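A look at the structure
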Amino acid sequence: MPRAIITGITGQDGSYLTELLLEKGYEVHGVVRRSSNLNRSRLDHIYHDPAVYGHRVFLHYADLDDPTTLRRVLLKVAPNEIYHLAGQSHVGLSFEIPESTCEMTAMGTLRLLEIIRDLPTRPRLFHASSSEIFGRPVTAPQDETTAFAPVNPYGCAKVFATQMVKVYRQSFHLFACNGVLYNHESPRRGENFVTRKICRGAAAIKLGLEKELLLGDRTMRRDWGHSRDYVRGMWLMLQQPTPDDFVLATGVAHSVQDVVETAFAFVGLDWRQFVKEDARFMRPAEPSNLLGNAAKARAQLGWAPEISFAQLIHEMTEAELAALSV
């Protein structure tokens, strides 16, 4: 039975990746931070399954800023694969906490690489990079050769981590891959992300729980896909004969306004009556022209997104209706 470690297992991608790896016969180990708030809601269905948790899924306390605990877990588990998903992943929040964003996302990745370098048997590593490394690219769509040009602290931290993965692959012959992931959502997305906020707002207004939805710039465009599609791409990268970097994207851009219209149409409401602009949600510097070209992933991995934008927003809004109706 192959063994995998997932950092950030309690997040959106971590929970879907856990399900995928279990389907493929893995033993899955997750790294979680010790805190007073044990928020594992995305893993509840696994955590409370006595046939799975403690038999094929295990959680370990460790921290990316504490290499001793991280090294101890890796030596104990001796994984075949590591999926490094952990980090402060909210772009807007990175302006408020730039130092901790860089400490977790940049230096945390470097610490992990150093530990892997010294292990007696080196596992294969997937690192979750981001389209934010491109910032405001001159050309679109972007691919694996596009120059880095981040415009926020999160993007800067991801550039450092992404380049370090390349350096360790080339210099120390680690099997280490960067997945340059464009925006991907799901019903398990954090509530402070705009797609989840919109879908939850539309559902709450439909149910009479809220009267309006306040948003920032609705013209912002993103290449949005579904997390389930993207974790499949992560796994495929580590099954290849040689390590490489791949862009995962849908190749189709949608605006925040598109999310609004799709979500409100799904619940049968006219968005114009409820959505208002609020300057508090405007960001100091907003990436633009971000659109991914996943041709390399299609050709070499056989990967392609299977869930459409409309299906994604419908699924998210339906999940919010169900949650708020309880």
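Residues numbered from 1 in each chain as written. Predicted model: local features only at pLDDT ≥ 70, side-chain atom pairs only at ≥ 80, totals over all residues. Heavy atoms only, no water.

Focus: the overall build of the protein
What the protein contains, in helices and strands, is eleven helices and 13 strands. Its C-alpha atoms put the protein at 60 × 50 × 40 Å along the principal axes. Per-residue burial over the protein gives 54% buried out of 326 residues. For the protein, the share of sequence-separated contacts (at least 6 apart) that also reach a separation of at least 24 residues comes to 80%. When the accessible surface of the protein is totalled, it reaches about 14300 Å², and 51% of it is carbon and sulfur. (Helix = DSSP H or I, 4+ residues; strand = E, 2+ residues; numbered from the N terminus. Buried < 20%, exposed > 50% of the residue type's maximum accessible area, 1.4 Å probe, protein only. Contact = heavy atoms within 4.5 Å. Areas by Shrake-Rupley, 256 points an atom, 1.4 Å probe, with all protein chains shown as cover.)

Some remarks on the nonpolar core
In terms of nonpolar packing, the biggest core is built from 44 residues, with Leu17, Leu21, Tyr83 and Phe126 touching the most fellow members. It is helix 8 (residues 227–237) that contributes the most residues to this core, six residues altogether. Apart from the residues within four sequence positions on either side, leucine 21 is in contact with Ala4, Ile6, Tyr26, Val28, Arg56, Tyr83 and Trp235. In this structure, Ala203, Trp224, Leu312 and Ile313 belong to the second largest nonpolar core, which totals 23 residues. (Core = buried A, V, L, I, M, F, W, Y, C linked by side-chain atoms within 4.5 Å.)

Describing the pairing of strand 4 (residues 81–84)
Along strand 4, one buried face is formed by Glu81 and Tyr83 and the opposite face, lined by Ile82 and His84, is buried too. Pairing between strand 1 (residues 3–7) and strand 4: four bridges, direction parallel. When the sheet's bridge partners are listed, isoleucine 6 is paired in strand 4 with tyrosine 83. Examined bridge by bridge, strand 4 and strand 5 (residues 124–130) share four bridges and lie parallel to one another. Within strand 5, the residue paired with isoleucine 82 across the bridge is leucine 125. (Pairing = 2+ DSSP bridges.)

Some points on the packing of helix 7 (residues 194–206) against helix 11 (residues 309–325)
Each pair of packed helices gets described by two things: the angle between the helix axes and the distance between those axes. In the contact formed by helix 7 and helix 11, the axes pass within 8 Å of each other and the chain directions differ by 50°. With respect to helix 11, the element helix 7 is oriented oblique. Helix-helix and strand crossings are classified by hand; for helix 7 and helix 11 the assignment is right-handed. Across from Thr195, Arg196, Cys199, Arg200, Ala203, Ala204 and Lys206 in helix 7, the residues of helix 11 making contact are Ile313, Met316, Thr317, Glu320, Leu321 and Leu324. Classifying every residue of the contact of helix 7 with helix 11 gives seven nonpolar, two polar and four charged. (Axes fitted to C-alpha atoms, helices over the stretch in contact; angles between N-to-C directions. Parallel < 35°, antiparallel > 145°, perpendicular 65-115°, else oblique. Left-handed = near helix turned anticlockwise from the far one by under 90°. Nonpolar A, V, L, I, M, F, W, Y, C, P; charged D, E, K, R; others polar.)

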